[in-house]
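Coordinate analysis (summary)
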Amino acid sequence: MNVTPRARADAAQLVLDTNRVEPCDIRFVPDLLHPQNQHLSRALAGRDGLVVTTPTVMELFGDRLTTLIATQNLRLEVRVIETQDPVGKGEHKTLGSVERVIALAKAADVSRNSVLIGFGGGVCTDIVGMAAGLIRRGIVHFRIPTTLIGQIDAGVGLKCGVNFGGKKNYLGLFNAGEQVLIDPGFLRTLPANFIQEGIAEMIKMAIICSKSLFEELEILAQHRRHMDGDALATHHYGAIFDAADLMVRQLQENPYERD
């Protein structure tokens, strides 16, 4: 049987391996913003970048961040976006917010070799992660989560997304941060309800995955009726690490949620 050129083309096969699961370096870095702490400088490795944060985080930590940048001569610009709406419905977690970050990046001359840094809670890191995935078809981004949920869940995953048409995270990307820098000290400024939300997530993860973490949380509850951010950051650092470790292990088994 004669095989025509067209038939040969139809029968040919090319395979492009698209396994894009790249290592995400998750580090616990106490006193990340101390002027003598070189971790952020080492992570940047001479690259320039743009830090995108929120009004609350800028008010709390902006002076320390700008002092660190100046002391170590980091080539970083800092910009602020609004991520909290007055009634708590996540209305700022939208494509519009992503576009605002992209506009800030363009104004700052962010290049393919620059780093976009999300410094804030899960909403902020989601918006920045999605923007990073779209700018020039994808640039490097770091996550610096400042909430308990961010440090054990939203900040350590591959996913980032925004709400659309009344659906939570309806639009999004799998886009892991090259670096996730976790400083439990940021938790000292969190309101009680933010701590409670994070503890609830830790309990859920412990029930599903880890008897030892559940027992650890039971001990914490017995010793402290009210678990605040200072107690977590100062005395119970291990519980935060264990919860984040559980999340990473779960994600490693099925990072793109194929099942």
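Residues numbered from 1 in each chain as written. Predicted model: local features only at pLDDT ≥ 70, side-chain atom pairs only at ≥ 80, totals over all residues. Heavy atoms only, no water.

Notes on the pattern of salt bridges
Spelled out, the test is: Any carboxyl oxygen of Asp or Glu within 4 Å of a side-chain nitrogen of Lys or Arg constitutes a salt bridge here. Strands here mean DSSP runs of E at least two residues long; helices mean DSSP runs of H or I at least four residues long; both are numbered from the N terminus.
Inspection of every chain in the model, using the stated rule, returns eight salt bridges. The salt bridge involving Lys-204 is made with Glu-201; its shortest N-O contact spans 3.1 Å. Taken as a pair, Lys-204 and Glu-201 lie in helix 7 (residues 192–209) at a separation of three residues, close to a single helical turn.

What about the packing of helix 4 (residues 95–107) against helix 5 (residues 122–134)?
Pairs of packed helices are described in terms of their axes, by the angle between the two and the distance that separates them. Put simply, the rule reads: Axes here refer to lines fitted to C-alpha atoms; in helices the fit is confined to the stretch in contact. Angles between the N-to-C directions go from 0 to 180 degrees. Each crossing is labelled by how the near helix is turned from the far one, with a counterclockwise turn of less than a right angle marking it left-handed and a clockwise turn marking it right-handed. For this analysis, residues touch if any pair of their heavy atoms sits within 4.5 Å. All residues other than Ala, Val, Leu, Ile, Met, Phe, Trp, Tyr, Cys, Pro, Asp, Glu, Lys and Arg, Gly among them, are scored as polar; the first ten of these are nonpolar and the last four charged.
For the pair helix 4 and helix 5, the least separation of the axes is 9 Å and the interaxial angle reads 60 degrees. The element helix 4 and its partner helix 5 pack so that their crossing is right-handed. Listed contacts from helix 5 to Leu-95, Ser-97, Val-98, Val-101 and Ile-102 of helix 4 are Ile-127, Met-130, Ala-131 and Leu-134. For the contact of helix 4 with helix 5, the residue count by class is eight nonpolar, one polar and no charged.

Examining a nonpolar patch on the surface
Keep this limit in mind: Only residues above 30% relative accessible area that lack a salt bridge enter a patch, with like-charged residues linked at up to 9 Å and the nonpolar side chains Val, Leu, Ile, Met, Phe, Trp and Tyr linked at up to 5 Å. For the accessible areas, the method is Shrake-Rupley and the probe is 1.4 Å, while residue cover comes only from the protein chains on display. When a residue's accessible area, from a 1.4 Å probe over protein chains only, is under 20% of the maximum for its type it is buried; when over 50% it is exposed; and in between it is partly exposed.
A cluster of nonpolar residues, Ile-203, Ile-207, Ile-208 and Phe-214, forms a patch on the protein surface that exposes about 380 Å² of accessible area. A per-element tally of the nonpolar patch places helix 7 first, with three residues. For Ile-208, the location among the structural elements is in helix 7. Of the residues examined, Ile-208 reaches a relative accessible area of 64% and is grouped as exposed.

Side note on the environment of Gly-155
Positionally, Gly-155 belongs in the loop between helix 6 (148–154) and strand 6 (159–164). Each C-alpha atom, one on Gly-155 and one on Gly-121, is 8.0 Å from the other, the two residues being 34 residues apart in sequence. Excluding residues that lie within four positions of it along the chain, Gly-155 makes contacts with Arg-143, Ile-149, Gly-150 and Val-180.

Concerning the nonpolar core
Going by this rule: For the purposes of this section, nonpolar cores are sets of buried Ala, Val, Leu, Ile, Met, Phe, Trp, Tyr and Cys residues that join through side-chain atoms within 4.5 Å.
Formed by 24 residues in total, the largest nonpolar core has its most connected members in Leu-148, Met-202, Leu-232 and Ile-240. The element contributing the most residues to this core is helix 10 (residues 237–253), with seven residues. Setting aside residues up to four positions removed in sequence, Ile-240 forms contacts with Phe-28, Leu-148, Gln-151, Ile-152, Pro-184, Leu-187, Met-202 and Leu-232. In terms of nonpolar packing, the next biggest core, distinct from the first, is built from 22 residues, Leu-33, Val-57, Ile-117 and Phe-119 among them.

Looking at the environment of Phe-194
Its place among the elements puts Phe-194 in helix 7. Remark: the alpha-carbon pair of Phe-194 and Asp-228, spanning 34 residues in sequence, is separated by 9.5 Å.

Some details on helix 5
Using the following cut-off: Expected span, for any helix, means 1.5 Å times one less than how many residues it has.
Helix length check: helix 5, at 13 residues, gives a terminal C-alpha distance of 18 Å against a target of 18 Å (1.5 Å per residue), a fit within 8%. Most of helix 5 sits inside the fold, with ten of its 13 residues counted as buried. Listed as buried for helix 5 are Gly-122, Cys-124, Thr-125, Asp-126, Ile-127, Val-128, Gly-129, Met-130, Ala-131 and Ala-132. Looking at the residues trailing helix 5, positive phi occurs at Arg-136, about 50 degrees.

Considering the packing of aromatic side chains
Stated precisely, the cut-off is as follows: Only Phe, Tyr and Trp rings take part, Trp by its six-membered ring, and two of them pair if their centres are within 6.5 Å. Stacked means planes under 30 degrees apart, edge-to-face means over 60, and tilted covers everything else.
The full count for this structure, using the stated rule, is five aromatic pairs. With centroids separated by 6.3 Å and ring planes inclined at 40 degrees, the aromatic side chains of Phe-61 and Phe-119 adopt a geometry described as tilted. Of the two residues, Phe-61 is situated in helix 3 (residues 55–71) and Phe-119 in strand 4 (residues 115–120); the sequence distance between them amounts to 58 residues. The pair formed by Phe-61 and Phe-119 is uniform in burial state, with each residue classed as buried. Here the aromatic cluster, defined as three or more aromatic residues joined through ring pairs, consists of Phe-61, Phe-119 and Phe-186.

A closer look at the pairing of strand 7 (residues 167–174)
Every other side chain in a regular strand lies on the same face of the sheet, so the side chains alternate between the two faces. Keep this limit in mind: Each pair of strands is called paired provided DSSP finds at least two bridges between the two strands.
In this structure, strand 6 lies alongside strand 7, joined through five bridges in antiparallel fashion. Across the sheet, the residue bridging to Gly-161 is Gly-172, located in strand 7. Hairpin remark: strand 6 followed by strand 7, antiparallel, with two residues in the connecting loop; positive phi at Gly-165, about 60 degrees.

Notes on unusual backbone geometry
At Asp-31, a position not held by glycine, the phi torsion is positive, near 55 degrees. Secondary-structure assignment places Asp-31 in the loop between strand 1 (25–28) and helix 2 (39–44). One non-glycine residue, Ala-45, lies in positive phi territory at about 50 degrees. Classification of Ala-45 as exposed rests on a relative accessible area of 62%.

By themselves these figures say nothing about function.
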